[in-house]
Amino acid sequence: MESNHSNIRAVEISFGIIQQLVERDGARVTELAEELDIAPSTAHNHLRTLLNNGFVIDEGSVYYPSLEFLHVGEYARQRKVGYQKAEQHVKALAEESGGRTHFTVLEHGRGRYVYTKTGDLAVETFSRYGSQFPLHVTAAGKAILAELPDWQIQEIVDQRGLKASTDQSIIDEEELFAELETIRERGVAFNFEEHNKGISAVAASAQEPNGSLLGALTISGPTQRFKGDLIRKEFPDLLLARVNELELDIVYSD
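If you're wondering where the values come from, they're calculated on a predicted model, not measured in any experiment.

### Comments concerning the overall build of the protein
Step number 1: Within the protein, the regular secondary structure consists of 9 helices and 8 strands.
Step number 2: By its C-alpha atoms, the protein is 60 × 40 × 40 Å across when sized along the principal axes.
Step number 3: Out of the 254 residues in the protein, the part that is buried amounts to 43%.
Step number 4: Excluding contacts between residues fewer than 6 apart, the proportion of contacts in the protein whose partners are at least 24 apart in sequence is 56%.
Step number 5: Counting 25 positive and 40 negative side-chain charges, the protein places the centres of these two groups 4 Å from one another.

### Things to note about the pairing of strand 3 (residues 100-107)
Step number 1: A large share of strand 3 lies buried, amounting to 6 of its 8 residues.
Step number 2: Bridge count between strand 3 and strand 8 (residues 213-222): 5 bridges; the pairing is antiparallel. Residue pairing for strand 8: T104 is matched across the bridge by A216.

### Describing the environment of E35
Step number 1: Along the chain, the position of E35 falls in helix 2 (residues 29-36).
Step number 2: E35 sits 74 residues away from G109 along the chain, and the two C-alpha atoms are 26 Å apart.
Step number 3: With near-sequence residues (within four places) excluded, E35 lies in contact with Q20 and R24.
Step number 4: One polar contact links E35 to R24, side chain to side chain, over a distance of 3.2 Å.

### So, the pattern of salt bridges
Side-chain pairing between opposite charges can occur once the charged atoms of the two side chains come close.
Step number 1: As enumerated under the stated definition, the model contains 15 salt bridges in all.
Step number 2: Linking D167 and K197 is a salt bridge whose minimum nitrogen-to-oxygen distance equals 2.8 Å. Of this pair, D167 sits in the loop between helix 7 (150-160) and helix 8 (173-186) while K197 is found in the loop between strand 6 (189-192) and strand 7 (199-207), placing the two residues 30 residues apart along the sequence. Here D167 matches K197 in class, with each residue exposed.
Step number 3: Through salt bridges with shared partners, one network takes in K142, E179, R186 and E194.

### Describing the environment of A146
Step number 1: Mapped onto the elements, A146 comes out in the loop between helix 6 (139-145) and helix 7.
Step number 2: In this structure A146 comes out as buried when scored by relative accessible area, which is 7%.
Step number 3: Linking A146 and L248, residues 102 residues apart in sequence, is a C-alpha distance of 21 Å.
Step number 4: If we ignore the near neighbours within four places in the chain, the residues touching A146 are L180, I183 and R184.

### Thoughts on a nonpolar patch on the surface
Step number 1: On the surface, a cluster of nonpolar side chains totalling about 320 Å² of accessible area is made up of L248, V251 and Y252.
Step number 2: For V251, the location among the structural elements is in helix 9 (residues 229-251).
Step number 3: Judged by its relative accessible area of 43%, V251 is partly exposed.

### Focus: the packing of aromatic side chains
Step number 1: In the structure shown here, the tally under the stated rule is 5 aromatic pairs.
Step number 2: Positioned above the aromatic ring of F190, the side-chain terminus of R232 is 5.1 Å from the ring centre.

### Some words on the sheet that holds strand 5 (residues 132-133)
Strands in a sheet are paired, the pairing made by backbone hydrogen bonds, and the direction either parallel or antiparallel.
Step number 1: Across the sheet, 6 strands lie side by side as 5-4-3-8-7-6; this open sheet has antiparallel pairing. The strands lining the two open edges of the sheet, one partner per strand, are strand 5 and strand 6.

### Comments concerning the packing of helix 2 against helix 3 (residues 40-52)
Step number 1: Running from N to C, helix 2 and helix 3 cross one another at 115 degrees; their axes reach a closest spacing of 8 Å. Viewed along their axes, helix 2 and helix 3 adopt a mutual orientation that is roughly perpendicular. Seen along the crossing, helix 2 lies across helix 3 with a hand that is right-handed. Across the interface between the two elements, V29, L32 and A33 of helix 2 pack against P40, A43, H44 and L47 of helix 3.
Step number 2: Here the residues of the contact of helix 2 with helix 3 sort into 6 nonpolar, 1 polar and no charged.

### With respect to the domain arrangement of the protein
Step number 1: What the domain assignment reports for the protein is domain 1 (9-70) and domain 2 (77-252).
Step number 2: Here domain 1 and domain 2 have C-alpha centroids that lie 34 Å from each other.

### So, helix 9
Step number 1: Helix length check: helix 9, at 23 residues, gives a terminal C-alpha distance of 32 Å against a target of 33 Å (1.5 Å per residue), a fit within 8%.
Step number 2: Along its length, helix 9 shows its largest kink, about 30 degrees, at F235, and proline P236 lies within four residues downstream of that point.
Step number 3: Along helix 9, the residues classified as buried are I231, F235, P236, L239, R242, V243, L246 and I250.
Step number 4: Looking at the buried side of helix 9, the elements it contacts are helix 5 (81-97), strand 6, strand 7 and strand 8.

Cut-offs and rules
Residues numbered from 1 in each chain as written. Predicted model: local features only at pLDDT ≥ 70, side-chain atom pairs only at ≥ 80, totals over all residues. Heavy atoms only, no water. Helix = DSSP H or I, 4+ residues; strand = E, 2+ residues; numbered from the N terminus. Buried < 20%, exposed > 50% of the residue type's maximum accessible area, 1.4 Å probe, protein only. Contact = heavy atoms within 4.5 Å. Lys, Arg positive; Asp, Glu negative; His and termini not counted. Charge placed at Lys NZ, Arg CZ, Asp CG, Glu CD. Pairing = 2+ DSSP bridges. Polar contact = N/O pair within 3.5 Å; in protein donor to acceptor, adjacent residues only side chain to side chain. Salt bridge = Lys/Arg side-chain N within 4 Å of Asp/Glu carboxyl O. Patch = residues over 30% accessible without salt bridge, like charges linked within 9 Å, V, L, I, M, F, W, Y side chains within 5 Å. Areas by Shrake-Rupley, 256 points an atom, 1.4 Å probe, with all protein chains shown as cover. Phe/Tyr/Trp six-rings, centres within 6.5 Å; stacked < 30°, edge-to-face > 60°. Lys NZ or Arg CZ within 6 Å of the ring centre and 35° of its normal. Axes fitted to C-alpha atoms, helices over the stretch in contact; angles between N-to-C directions. Parallel < 35°, antiparallel > 145°, perpendicular 65-115°, else oblique. Left-handed = near helix turned anticlockwise from the far one by under 90°. Nonpolar A, V, L, I, M, F, W, Y, C, P; charged D, E, K, R; others polar. Domains from an automatic or database assignment. Expected span 1.5 Å × (residues − 1). Bend = angle between axes of the 7 residues up to and from the residue.

In structure tokens form, the structure reads like this:
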């Protein structure tokens, strides 16, 4: 039992080191040891193991994640046919709408960007592919939540909480559940400056051929441009058409 606990702790330390290397944009042994509250020798041993297995690189005693993670990430991004097919629809939506478009999925109670594309009228945000985001303050997140049973939504809320990103964020459970019911009725989810000030978005969920959740497509952009019928009617129509095409592409992919 003690051995199993030690093995698990070792894995936790290695993942902690990788996370710190990303957050710090590289780090030295002493910095990692201090941040993770471990001995410098322990940090060094873990780094050597990661280095020997190709997952970190050493640039003058400053360690960084290696491009091996790009290989792993690209596998994860391509492992489902639906993920592969989504890319072309993200690009098409950006051209049609001029907005910043995304395909996102649900992982561990949070959303994750799989593909993003920036149109002519868009604003660059921190929504880079691979990064995570809270579900309850984003259009994509709410579109995804609306596809889940209430018990699973409650589980995510209990685990992740309802922290505000702006003063427009939904932070009340009852309000969130009411919003999700409305999303189910109209087929699209909106975000009016709930995640980032000055940015609005509309999203719709997409399904696998077996009816399970695949992810969500989103169009976002400056609130001052994306308003009225444009975001309330034109973009939802674009999205729902694209979702339909994506789902058909998956069905007829063989």
